[in-house]
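Structural overview for review
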Amino acid sequence: SVVKASLKNKPDYAAPRLRNLSVNNLPSAVRRFVEKSVDLCAPADVHVMDGSEAENRLIVEKLLADGTIVKLPKYKNSYLTRTDPKDVARVESRTFISTKNKCDAIPTPASDKIKGTLGNWMSPEELERVVQDRFPKSMSGRTMFVIPFSMGPVGGPMSKIGVQLTDSPYVAASMRIMTRIGEPVLDRLSKGEDFVRALHSVGRRQNMLPSWPCDPERTVILHKPESNEIISYGSGYGGNSLLGKKCFALRIGSTIARREGWLAEHMLIVGITSPDGAKRYICAAFPSACGKTNLAMMQAALPGYKVECVGDDIAWLKYNPKTKMLHAINPEAGFFGVAPGTNWKTNPNAMATMESNSMFTNVGQTSDGGVWWEGMEPPAEGVTITDWLGKPYDGSSVAAHPNSRFTCPASQCPIIDPLWEAGEGVPISAILFGGRRPEGVPLVYEAFNWEHGVMVGAGMRSESTAAAEHQGKQIMHDPFAMRPFFGYNFGDYLAHWLSQESRHGDIVLPKIFHVNWFRKDEQGKFLWPGFGENIRVLDWILRRIDGDCSILESTPIGYVPKENSINVEGLSPTPNMKELLSVPKKFWQREAEAIETYLKEQVDKDVPEPILEQIAKLKERLSE
Ligand code: GTP
Ligand code: SPV
Ligand code: MN
């Protein structure tokens, strides 16, 4: 084609000053993917990323020249970006799974009157139309970056490779923080290793901000699990554009995991050493903006406890025949964390992680060259703030967008776990589910067994947050914190979870718990102090893992801590533990009804029988 011919004569973006990585030298499968996409998107230039420092400096220079980022002189090698105000979060309504058969991608609701809420499906033909409507010449005038990336340590037994093509230098720079990119991955690709194809363009529209091109009205995030492809158009923001994250590691990842017998989950991974020296790893699935990053990096408030971070958002879990346990890796290499609420008291480890080499998105900027957001320590005397829209901040509105984020390398976390890059992952002793529940849901309870625990995950609900486009603070169903991230039919997903018990006869499954840091009193104040004090709940959980039966009480919903078995020593004011641990019967009867109705309406015949049995048993216990 004309484009290809012109590319042949044109040096790659900055390539002569770097290494000799050209499209022509790419492994043939990668090259075919690039050439096909070049024909479609018609970029002015192609740059194959090697992941080097020198290359990163060039990308940063370009971003500065475009006005996409500004330097933050208060920190080393750190920058602030302000997005188009219409491009500030994931867009769930425009996220699709495309399969031949609809029922492979999403469950069929019980009647046509019920709108499905467990993902959106698109036919392969419609997908082709959508692509042809948006991608032709979408990159014209821009450089296409070719990003070879690995989810998980390069070459690790649980790791997977992807190649993302993008016309956004912001995305290229962010992918370098969030994943492992460049030459080591190219080496794997040249050995013929299979890869996920991920195409991304920020697109074009009338009156675009030159600093943040995007096409919010036509944004689509498409997944083809049958061919391991991701196609994303119109947004440069987070989960919409950093395709290794939600698109690959969760949506495509969950379909690969199902085929191969493992689990891809929206979970943090954390190691906890108790005062007696025993170390345990746990995973926790909370919906977006419900506390994963904070728990993963917690500064334990109880003396003698040490918490170390493996990952803050995504876990890939696989049975390990040596330990007979589920082992987890964090497929990411960086954190894309919620800024508001983060400060030196709530999450000092996150604050320390982002002191250098970080990208901040949609936060406030201080006149002394730093950042500021709601909940952060007040800036010094005389320092003024510019808000995320670039206007002077006077306190009448917010300085930072509620979904504003920091992007920083995980390796900079002061409490990063020594095994965080272990290829075979870390053994998992417990899985926590949780969410924002202002009412009725106790601080912690334990599932009776695996099947019951899977039902607890299926029944998860939480207040909606700014991480997606939902309005207001409605309590939404969010099974396994995965509602926006399932790559296949949720009914099949439940069956896959249940099968972990029988799949490996000798498996030692993690215990399952549900936690809620967000219960409120009548004045609307949180009953539990949260953050570093959550170690008090983890302490109870660890004692349960050790098999201490003297600290629990059986309730219809599961085992709840016996009175006084959670250590609240030194907490002032003393939290109302009676209220925090109460299991109000009326509330739970309604809750059980709501979960059953949701699953029957939304998943209908695809709900596995054991889950319905567990709900029936719960209702029975509640009626006694
Ligand atoms: P995603 O990155 O969107 O998946 O979010 P996340 O689950 O990692 O949530 P994160 O830890 O970033 O917390 C989101 C918000 O909840 C922040 O504003 C935190 O300050 C707040 N938060 C986290 N943990 C607690 C807690 O224990 N108690 C209270 N009250 N707030 C918390
Ligand atoms: C989430 O929303 O769960 C996130 C942020 O972790 S994003 O990467 O935008 O999905
Ligand atoms: Mn998340």
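For clarity, every value in this text was computed on a predicted model and none was experimentally measured. (Residues numbered from 1 in each chain as written. Chains lettered and ligands numbered in written order. Predicted model: local features only at pLDDT ≥ 70, side-chain atom pairs only at ≥ 80, totals over all residues. Heavy atoms only, no water.)

Summing up its helical and strand segments, the protein has 17 helices and 30 strands in all. Taking 2.2 N^0.38 as the reference for a compact globule, 624 residues should give roughly 25 Å; the C-alpha atoms of the protein span a radius of gyration of 24 Å, in line with that estimate. Taking the principal axes of its C-alpha atoms as reference, the protein extends roughly 80 × 60 × 50 Å. Within the protein, buried positions represent 61% of all 624 residues. A separation threshold of at least 6 residues defines the contact pool for the protein, and within that pool the share at least 24 residues apart is 75%. Of the roughly 24,000 Å² of accessible surface on the protein, 51% is carried by carbon and sulfur atoms. (Helix = DSSP H or I, 4+ residues; strand = E, 2+ residues; numbered from the N terminus. Rg over C-alpha atoms; globule rule 2.2 N^0.38 Å. Buried < 20%, exposed > 50% of the residue type's maximum accessible area, 1.4 Å probe, protein only. Contact = heavy atoms within 4.5 Å. Areas by Shrake-Rupley, 256 points an atom, 1.4 Å probe, with all protein chains shown as cover.)

This part takes up the packing of helix H12 (residues 450-458) against helix H17 (residues 609-623). For the pair H12 and H17, interaxial distance at closest approach is 9 Å and the crossing angle is 90°. Classified by the interaxial angle, the pair formed by H12 and H17 is roughly perpendicular. For the pair formed by H12 and H17, the contact residues are Glu451, His452, Val454 and Met455 on the first element and Pro610, Ile611, Gln614, Ile615, Leu618 and Arg621 on the second. Here the contact of H12 with H17 is built from residues that sort into six nonpolar, two polar and two charged. (Axes fitted to C-alpha atoms, helices over the stretch in contact; angles between N-to-C directions. Parallel < 35°, antiparallel > 145°, perpendicular 65-115°, else oblique. Nonpolar A, V, L, I, M, F, W, Y, C, P; charged D, E, K, R; others polar.)

What follows concerns the site of ligand 2. Around ligand 2, the surrounding shell consists of Arg90, Gly238, Gly239, Lys245, Lys246, His266, Ser288, Asp313, Phe336, Arg405, Ala467 and Phe485. In the model, an oxygen atom of ligand 2 is placed 2.9 Å from a nitrogen or oxygen of the Arg90 side chain. In this structure, Gly239 approaches ligand 2 through a main-chain N or O atom, which is 2.9 Å from an oxygen atom. Relative to its free-state accessible area of 290 Å², ligand 2 is covered by the protein chains to the extent of 98%. In this structure the site holding ligand 2 corresponds to the largest pocket. (Near = heavy atom within 4 Å. Polar contact = N/O pair within 3.5 Å; in protein donor to acceptor, adjacent residues only side chain to side chain. 1 Å grid on protein atoms, 1.4 Å probe; cavity = no way out; pocket = protein on both sides within 12 Å on 5 of 7 lines; lining within 4 Å. Sits in = over half its atoms within 2 Å of the grid points.)

Our next topic: helix H14 (residues 535-545). Each turn of an α-helix holds 3.6 residues, which means side chains three or four residues apart point in the same direction. Among the eleven residues that make up H14, nine are buried, leaving the element largely enclosed by the rest of the structure. Residues Ile535, Arg536, Val537, Leu538, Asp539, Trp540, Ile541, Leu542 and Arg544 constitute the buried set of H14.

A few words on the UniProt feature "domain: Phosphoenolpyruvate carboxykinase GTP-utilising N-terminal" (unreviewed entry) in the protein. On the UniProt side, "domain: Phosphoenolpyruvate carboxykinase GTP-utilising N-terminal" (unreviewed entry) is annotated at positions that read residues 33-258 here. End C-alpha atoms of residues 33-258 are separated by 26 Å, and the span's content is 33% helix alongside 22% strand. (UniProt positions renumbered as here; feature names shortened; annotations may be inferred.)

Sheet strands pair by backbone hydrogen bonding; their relative direction is either parallel or antiparallel. Read across the sheet, five strands follow the order S2-S3-S19-S23-S18 without closing on themselves; strand pairing throughout is mixed. Because the sheet does not close on itself, it has two edges, and the strands there are strand S2 (69-71) and strand S18 (334-338). Going from strand to strand, the sheet's axes swing by 20° on average, the running direction of each strand aside. Pairing of strand S19 (residues 359-361) with strand S23 (residues 405-409), which is carried by three bridges, proceeds in the antiparallel orientation. From the neighbouring strand, Thr361 faces S23, where its bridge partner is Arg405. (Pairing = 2+ DSSP bridges.)

With respect to topology, three strands assemble into an open sheet ordered S21-S20-S22, the strand pairing being antiparallel. Where the open sheet ends on each side, the last strands, each with one partner, are strand S21 (371-372) and strand S22 (385-386). Note: strand S20 (residues 364-366) against S22, two bridges, orientation antiparallel. Paired with Thr366 across the bridge in S22 is Ile385.

The manganese ion (ligand 3) binds to the protein through Lys246 (NZ), His266 (NE2) and Asp313 (OD); the donor distances cover 2.1 to 2.6 Å. For the manganese ion (ligand 3), the six donor atoms in the first shell make angles of 63 to 173° at the metal, so the coordination geometry reads as irregular. Binding-site remark: the manganese ion (ligand 3) is held by donors from one chain whose sequence spacing is K-x19-H-x46-D. Of this pair, His266 sits in the loop between strand S12 (263-265) and strand S13 (268-273) while Asp313 sits in the loop between strand S15 (306-311) and strand S16 (315-320), placing them 47 residues apart in sequence. Comparing His266 with Asp313, the two get one shared label, buried. (Donors = N, O, S within 2.8 Å, 3.2 Å for Na, K, Ca; no water. Tetrahedral: all angles 85-135°; square planar, octahedral: opposite > 155°, others 65-115°.)

Close contacts around ligand 1 come from 22 residues, with Ala289, Lys292, Asn294, Pro340 and Arg405 the closest. Here an oxygen atom of ligand 1 sits 2.9 Å away from a polar atom, N or O, in the side chain of Arg436. A molecule is said to occupy a pocket when more than half its atoms come within 2 Å of that pocket's grid points, and by this definition ligand 1 occupies the largest pocket. Ranked by residues supplied to the shell around ligand 1, first place goes to helix H10 (residues 292-296) with three residues.

Size it by volume and the largest pocket reaches roughly 1,200 Å³. Along its surface, the largest pocket is lined by 48 residues, and Ala289, Cys290, Val338, Pro340 and Arg436 are the ones closest to its centre. Within the residue set of the lining of the largest pocket, elements represented by two or more residues are helix H8 (238-241), helix H9 (244-260), H10, S18 and S23. Of all the elements, H10 adds the most residues to the lining of the largest pocket, at four residues. In terms of residue class, the lining of the largest pocket is made up of 19 nonpolar, 18 polar and eleven charged. (Points joined across faces, edges and corners; volume = space filled by probe spheres on them.)

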